[in-house]
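Read off the chains here:
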Amino acid sequence: MSTVIKTDGLTKKFPRVTALDGLTIEVQPGVVGLVGSNGAGKSTLIKILLGLAPATSGTGHVLGLDIATEGSAIRERVGYMPEHDCLPPDVSATEFVVHMARMAGLPAAAARERTADTLRHVGLYEERYRPMGGYSTGMKQRVKLAQALVHDPQLVLLDEPTNGLDPVGRDDMLDLIRRVHTDFGISVLVTTHLLGELERTCDHLVVIDGGKLLRSSSTASFTEATHTLAVEVTDHPEDHTLDSGEAVRERLAAAGLTVRPDGSRVLLVELEGEDTYDTVRDTVAALGLGLVRLEQRRHRVAEIFTDHAHQAGGAPDVHASAH
Ligand SMILES: Nc1ncnc2c1ncn2[C@@H]1O[C@H](COP(=O)(O)OP(=O)(O)OP(=O)(O)O)[C@@H](O)[C@H]1O
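These numbers come from a predicted model, not from an experiment.

A closer look at the overall build of the protein chain
Here is step 1: Helix and strand counts for the protein chain come out as 11 helices and 14 strands.
Here is step 2: Once the C-alpha set of the protein chain is aligned to its principal axes, its extents read approximately 75 × 50 × 40 Å.
Here is step 3: Long-range contacts, defined as pairs at least 24 residues apart, comprise 69% of the intrachain contacts of the protein chain with a sequence gap of at least 6.

What follows is the structure, given as structure tokens:
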């Protein structure tokens, strides 16, 4: 596997703010998430990787090409989906994507053929002949994705592609992004400030905050199992005055386990060994209660920000998504 993106000490200073601060990352082929709160430096990084803006210091390579000197060769091989709405309202998706394909150097016939293919791939059919001003946000995002793919790039950089979409639209867009890689073998770098959504879509996550790298590792290692059991119990079938969560908590604590409540009927129990499961099951049964859930908790990507905020003394403004 050859490295897709590599930066070393990449720094971008604006007069008032340092948008990237000595960023060193390495991105392998696949679907990679670039996660960070608003203002973390994601869009700045993308523009520098495309050779559209110079770095203040540091170096970077995209598909082995130097961002400082080989910007146009990078843009030939890389597709870019910008964050903001940038579609002319009076032209149709077909006209626009054909135009972008011609700009990328495709001959007229190939541009028309590739446009039809990519618009079909992103799920735009009859609507593709209508002016884009009348499109929904989801349709506009699809056109933006199609124009990033039309010249058959090796890598696409997608800046907040789920922005403005409702949960269903978001899931559709994330499925589409996953398929860009599985169907065409194109590598993807996708940015978001919504943490949960990328857990299912990406192989690898790069988390940045204030232009600095917080963590870069496989999605699996972000969500690895913890040593905590989540236990959820039912109410007592007859005794409605019983606080079932509290009753279980007292008995488990008396049995020597470390327990803390997490909401009214959920307890987090430190896993001491395999027999912790049996102790929980027996305790719940002895109280005449039922178990709704008994499972080993997984780390959420969001926790990296919480952990970091504890160390740094402030919480970055990152939103956990509804997933
Ligand atoms: N052209 C510019 N001139 C001055 N400051 C800039 C410029 N572009 C970005 N910045 C600043 O650099 C920082 C990083 O911005 P950037 O747009 O890269 O963040 P982001 O993570 O993409 O967030 P968002 O999703 O809100 O765009 C911000 O503080 C921003 O205000």
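Anyway, onward from the coordinates.
Here's the deal with the sheet that holds strand 1 (residues 5-13)
Here is step 1: A sheet is described by the order of its strands in space; here four strands give the open sequence 2-1-4-5, paired in antiparallel fashion. For this open sheet the edge positions go to strand 2 (18-27) and strand 5 (65-66), each flanked by a neighbour on one side alone.

Here we look at the site of the ligand
Here is step 1: Inspection of the region around the ligand gives Phe14, Val17, Ala19, Gly36, Asn38, Gly39, Ala40, Gly41, Lys42, Ser43, Thr44 and Glu160 as its neighbouring residues.
Here is step 2: For the shell around the ligand, the element with the most residues is helix 1 (residues 42-49), which contributes three residues.

Comments concerning the nonpolar core
Here is step 1: Among the nonpolar cores identified, the biggest contains 62 residues, and Val97, Val156 and Val188 are the most heavily contacted of them.
Here is step 2: Residues within four places of Val156 in sequence aside, it is in contact with Val78, Gly79, Met81, Ala148, Leu149, Val180, Ile186 and Val188.
Here is step 3: By size, the runner-up hydrophobic cluster in this structure holds 11 residues, among which are Val259, Leu267, Val269 and Val280.

What about the environment of Arg142?
Here is step 1: Within the secondary structure, Arg142 sits in helix 5 (residues 137-149).
Here is step 2: By the C-beta count within 10 Å, which is 26 here, Arg142 ends up buried.
Here is step 3: Note: C-alpha distance between Arg142 and Glu126 (16 residues apart in sequence) is 14 Å.
Here is step 4: Once you skip the residues sitting within four places of it in the chain, Arg142 turns out to touch Val122, Gly123 and Leu124.

A word on the pairing of strand 8 (residues 187-192)
Here is step 1: Among the six residues in strand 8, six count as buried, and that is most of the element.
Here is step 2: Burial along strand 8 is two-sided: the face carrying Ser187, Leu189 and Thr191 and the face carrying Val188, Val190 and Thr192 are both buried.
Here is step 3: When strand 3 (residues 31-35) meets strand 8, the two strands line up parallel, connected through five bridges. By the bridge assignment, Gly33 is partnered in strand 8 with Val190.

Criteria and cut-off values
- Every chain is numbered on its own, with residues counted from 1 as its sequence reads.
- With the structure being a predicted model, the display of local features is reserved for residues of pLDDT at least 70 and the display and counting of side-chain atom pairs for 80 or more, all residues being used for whole-chain, interface and lining totals.
- Secondary structure elements follow DSSP: runs of H or I of four or more residues count as helices, runs of E of two or more count as strands, with numbering from the N terminus.
- For the purpose of contact definition, each residue receives a C-beta atom placed from its backbone, and two residues are in contact when these atoms lie within 7 Å.
- Here, any two strands with at least 2 DSSP bridges between them count as paired.
- Defining nearness, a residue is near a molecule or strand when the C-beta atom obtained from its backbone falls within 6 Å of it.
- For this entry, the nonpolar core is defined as buried Ala, Val, Leu, Ile, Met, Phe, Trp, Tyr and Cys residues connected by C-beta atoms within 7 Å.
- Around each residue's C-beta, the other C-beta atoms within 10 Å are counted; 20 or more make the residue buried, 12 or fewer make it exposed, and counts in between make it partly exposed. All C-beta atoms are placed from the backbone.

Shape is all these values report; function is a separate question.
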